[in-house]
Amino acid sequence: MTTQDTRERLELLQGTLDLLILRTLIFGAQHGQGIARAIQQTSDEELLVEHGALYPALQRLEERKWISAKWGISRNNRKARFYTLTAAGRKQLVRETSKWNRLTAAIGRILESEEG
Amino acid sequence: MFQRTRKASDFGAEIEAHIALETERLQEQGLSDEDARTEARRRFGNVTRVQERFYEASRWPMWDHFQQDVRYAARMLRKSPGFTAIAVLTIALGIGATTAIFSVVDATLLRPLLYPHPEQLVSVVDDLPGVGARDVGMSVPEWHDFARSGIFEYVSPTGGGDVNVTGSSEPTRILFETVGPNYFALLGVPTELGRAFDPEDQTPGFTLEVVISDALWKGAFGGDPRILDRDIRLDNDLYRIVGVMPASFRDPGQTSAQRGTQLWAAAGFAGPPAPEPLRASHFLAPVIARIKPGLTISEAQSRLDALVGSLQKEYPRDYPLQSAWRVRLVPLKQAVVGDVRQSLILLLGAVGLVLLIGCVNVANLLLARASSRGREMAVRQALGAERKRLMWQLLTEGLLLSLLGGVVGLVILYCAKGFLLQIVPERLPRLNEVTINWPALLFALLATLLAGAIFGLAPAWHAARPDLTRMLKQEGRGSSASREQARTRRALVISEFALSLVLMIAAGLLLRSFADLLQVQLGYNPQNVMAVRTWLPIPNDPATDIYRTPALQAPFLREVLRRGRTLPGVEEIAVGNVEALPLGHERSDLNLYPLIINGRETPSSEAPLVDGAIVTPGYFHLLGMTLLRGRLFGESDNESAPPVVVINEAFARTYWPNENPVGQRIKLRTAGDRASLTWNTVVGVIADARTESLADASAPRMYMSLYQRTAKDWAIFVRGQLDTAAIPVQLRAQVQSVDPELPVFGARTLSDVFSASLAERRFSMEIVGLFALTALLLAALGIYGVISYIVSERTHEIGIRLALGAQRHRILQMILSQGLGLAIAGAAIGLVGAVIVAHLMAGVLYGVRPTDPVTFVSVALLLIAVALLACYIPARRAIRVDPLVALRYE
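Because the structure is predicted, anything quoted here is derived from the model rather than measured.

Enquirer: Requested: an account of the nonpolar core, with residues and values cited.
Expert: All names here are of chain B. Judged by nonpolar contacts, the single largest core of 97 residues is most densely connected at Phe497, Leu501, Leu503, Ala775, Ile783 and Leu863. Discounting chain neighbours no more than four positions away, the residues touching Leu503 are Val768, Phe771, Ala772 and Ala775. Counting residues in each nonpolar core, the second largest holds 61 residues, with Tyr593, Ile596, Leu622 and Leu731 among its members.

Enquirer: Before we move on, can you summarise the interface of chain B and chain A with the specific residues and values?
Expert: Taken together, the contact between chain B and chain A spans 18 residues of the former and 17 residues of the latter. With eight residues, the top contributor of residues to the side of chain B that touches chain A is helix 1 (residues 8–28) of chain B. Here the side of chain B that touches chain A is built from residues that sort into 10 nonpolar, three polar and five charged.

Enquirer: Before we move on, could you go through the sheet that holds strand 2 (residues 30–31) of chain A and cite the residues and values that matter?
Expert: Hydrogen bonding along the main chain pairs the strands of a sheet, whether they run parallel or antiparallel. Residue and element names in this part refer to chain A. Strand order in the open sheet formed by three strands is 2-5-4, with antiparallel pairing between adjacent strands. The sheet is open, and its two borders are formed by strand 2 and strand 4 (67–73), each paired with just one other strand. Note that strand 4 and strand 5 (residues 79–85) share seven bridges and pair antiparallel. When the sheet's bridge partners are listed, Lys70 is paired in strand 5 with Phe82.

Enquirer: Quick one: what's the story with the pairing of strand 2 (residues 152–166) of chain B, residue by residue and with numbers?
Expert: Residue and element names in this part refer to chain B. Pairing of strand 2 with strand 9 (residues 287–291), which is carried by five bridges, proceeds in the antiparallel orientation. Counterpart to Val155 in the pairing with strand 9 is Ala289. Inspection of the sheet shows strand 2 paired to strand 3 (residues 172–179) by eight bridges, in the antiparallel sense. Across the sheet, Gly160 pairs through a bridge with Glu177, a residue of strand 3.

Enquirer: Describe in detail helix 26 (residues 853–879) of chain B, supporting the description with residues and values.
Expert: Side chains of residues three or four places apart in an α-helix project in the same direction, reflecting 3.6 residues per turn. Residue and element names in this part refer to chain B. Between its first and last C-alpha atoms helix 26 spans 37 Å; for 27 residues at 1.5 Å apiece the expected length is 39 Å, and the two agree. Maximum bend of helix 26: about 35°, positioned at Tyr872, with proline Pro874 one to four residues after it. Within the sequence span of helix 26, burial applies to Thr855, Val859, Ala860, Leu863, Ala867, Ala870, Cys871, Pro874, Ala875 and Ala878.

Enquirer: Provide a residue-level description of the pairing of strand 8 (residues 263–267) of chain B, including the pertinent values.
Expert: Residue and element names in this part refer to chain B. In terms of burial, strand 8 is largely enclosed, as five of its five residues are buried. With burial as the criterion, each face of strand 8 is covered, one bearing Leu263, Ala265 and Ala267 and the other bearing Trp264 and Ala266. Bridge count for strand 3 against strand 8 is four bridges, and the pairing is parallel. Pairing of Phe176 across the sheet is with Leu263, part of strand 8. In the sheet, strand 5 (residues 206–212) pairs with strand 8 via four bridges, with the strands oriented antiparallel. Bridging across to strand 8, Val210 finds its partner in Ala265.

What counts and how
- Residues numbered from 1 in each chain as written.
- Chains lettered and ligands numbered in written order.
- Predicted model: local features only at pLDDT ≥ 70, side-chain atom pairs only at ≥ 80, totals over all residues.
- Core = buried A, V, L, I, M, F, W, Y, C linked by C-beta atoms within 7 Å.
- Buried ≥ 20, exposed ≤ 12 C-beta atoms within 10 Å, placed from the backbone.
- Contact = placed C-beta atoms within 7 Å.
- Helix = DSSP H or I, 4+ residues; strand = E, 2+ residues; numbered from the N terminus.
- Nonpolar A, V, L, I, M, F, W, Y, C, P; charged D, E, K, R; others polar.
- Pairing = 2+ DSSP bridges.
- Expected span 1.5 Å × (residues − 1).
- Bend = angle between axes of the 7 residues up to and from the residue.

Structure, rendered in structure tokens:
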């Protein structure tokens, strides 16, 4: 765990956690711990996600009917609650992704023009 | 978000699963069991916080807090049942009374009349302000002018009365109305069966078609489906039933009785039996009309004014300028309600005030409790409770109290509904529409919420700005805020006392009036007397009247007397007209006679008018009236003997103050023919009796013999040990065995008639008395609250005083004198108000002066005594204080 302790990790921007969860679930059903691990690994351990923060977010997404949940058995034979992307969630992901892309592009342009 | 789909335990299980999975993964990476578990928990973060967030997100926190507050408030109320009961009862009384009065106001004033487009319906009233005459009636030519004016869609005269109905199962006396043929078209209500009158019918007299009510159809005709085109006899005249109105239809009359009209006959009012249709012959009243659609009442009024002006120019002889003829349009609803409007609004105001005193009082109680709960509030706030939460919680307590009170009030009202409607005088218009309906319930709910907000806000406001440190340090000692509060509470108590004194004096004066009335020497004896009414028909053509002269009437009369005397228990029997029914008749100008005294002849138009009743000889003895001079009627004073009269003392005193009235002659009109006058001899003088009104001293009055005059509106009197259930049936059988066409109705004992004549007085006395008692109770509670508060505030001081050797009775005196001060201040203000109110009431008082010192002094003393009693309870608590405990109190 040394790498994790020495590197200064990035705090998540508000509202981006939902997007990351939806994105992670595009590869198939996953449980909370799996989502947390996926976010960490996919971001090259750059993002700091407090695992606990995931669950209220999952609950929120479930209430908005963007994801659905079912208890199931994990790979190593443990009970876990598995989340799946719904059709509405898929649409939301597309919307949010394009919004995010426009946002980062715009911010990027501003930052580059200042540097230049 | 509003419903929880997921349980917290399920959420907890998921968290557990997460930590287990993470621990396993970390173990796979080579960590020891212990380290893996710790690291997994560390990475998860604060489990409790996550669970809280789940909890809050999945609920509605406001609702949650509200539920908590309600539970807490319910617990607090349960913990002090005495306080709760008093507060709930206070509110229940206020809400119940206010809702009761509101439901009456709603039915009479607020609800529109139950006809299509009721805003177009008006009453058309002729006034002659120049000679000070209002509502003189309309003449037939005026009616036709107005109907043709283009201002109205329809104009219809109406005229109520009662009439004998024969041709159904049993001869009955019913309320009927003579109306214009366009009456139902005007009201806009279709018939249930058959048809209404033809609005264009031009028949001058009665059209001989009638429409009957659903009640008459179902009652007298047993709901016969072949009712249409059936014949019906009204006072022996033949009419044809053409229609039946729906059960929901009510005539727009002023009283419940009129609204129960059972039959409508159409007439043109221009042929017999109506008088000649002259322009100056004003006899149509009341007249109602429907304004043309699109016109407002004020537009119609201004066009009508123009029409009246041009008619005045056209017929100057019929409308002399000095009489200043005017025609007024009054919205029909207002005309129906009449002058009850103001008194109802006043009553609603008064009852609202009682509710307000109730609220003030509960606020007082809550404030007193709030100051004893000050420490609890401060502690909770110090522990982090938000101020807003505390305010809400106190407000919730107030609302819960008021809702409980409202519910109890409505339950009481609902149970007492029948009784309450019974004590309301029958003359109240639209009484039959009074119900506890949705508007009334809505009103009760609003009043309840308002009341709860009023008295819940006071302690909530107080809780919103406590000085925490001081509250925690010195509970019970007066801070400046609570001193200000105490001043307010004292002012409230003083005003409560003032108001209840006013109400109590009003009630006291009414009570004394009522008691005095019951002591009045009646001058006749109503015990063991029963009266039953019948009505000899008045056909449209006088020639067909089989009882049109005294000689034609006499055989029937003697037969009724003879048969009645044989009934079981009957010791005496007499017949008179309704005018002879003591306290049981309305004043009617039919029974007023212009009096022309021999030797002082005056034109009959200027002659004084005197009440006259027509009776058989046995009447005076049966009612126990005393003969003072001369003689009473005898059997020989019959149709062939010279006409005689018996007068009362007031008559003798007024017209022959220094002469012997016996033997004097007066000129009176003969019955049936108003124009012809005959001389009558006074044969006797009887003592005055209160037969017209219990409250007024007797007016001049005379009695004529039924053997010498005809009467249609009979009352048959019997005296004896009577079976009051059997006698009406037996009398009916006897009368109908002589003339089977006659209805026999209205059986009442004279004692009942006597108490019914007091009904309105009793009602106002009871209502005002009830309000006064409520106010007194509330004032007593109020002063109790204030004194209790003062005592608890000064427990420490009293302890010191006692420790220093103060006498207990001195302490008692000190506390009582504070309460006494409040009561006396309130009473002093109240006395001023009571003098004003009592003078306004002078008209309804009997036997007592408005400033009756006995009432004023005794009520004031009673009030002060109640105040002292209310103060004594907390004061006794004060002197029982153990100095040691009191000093350790802090």
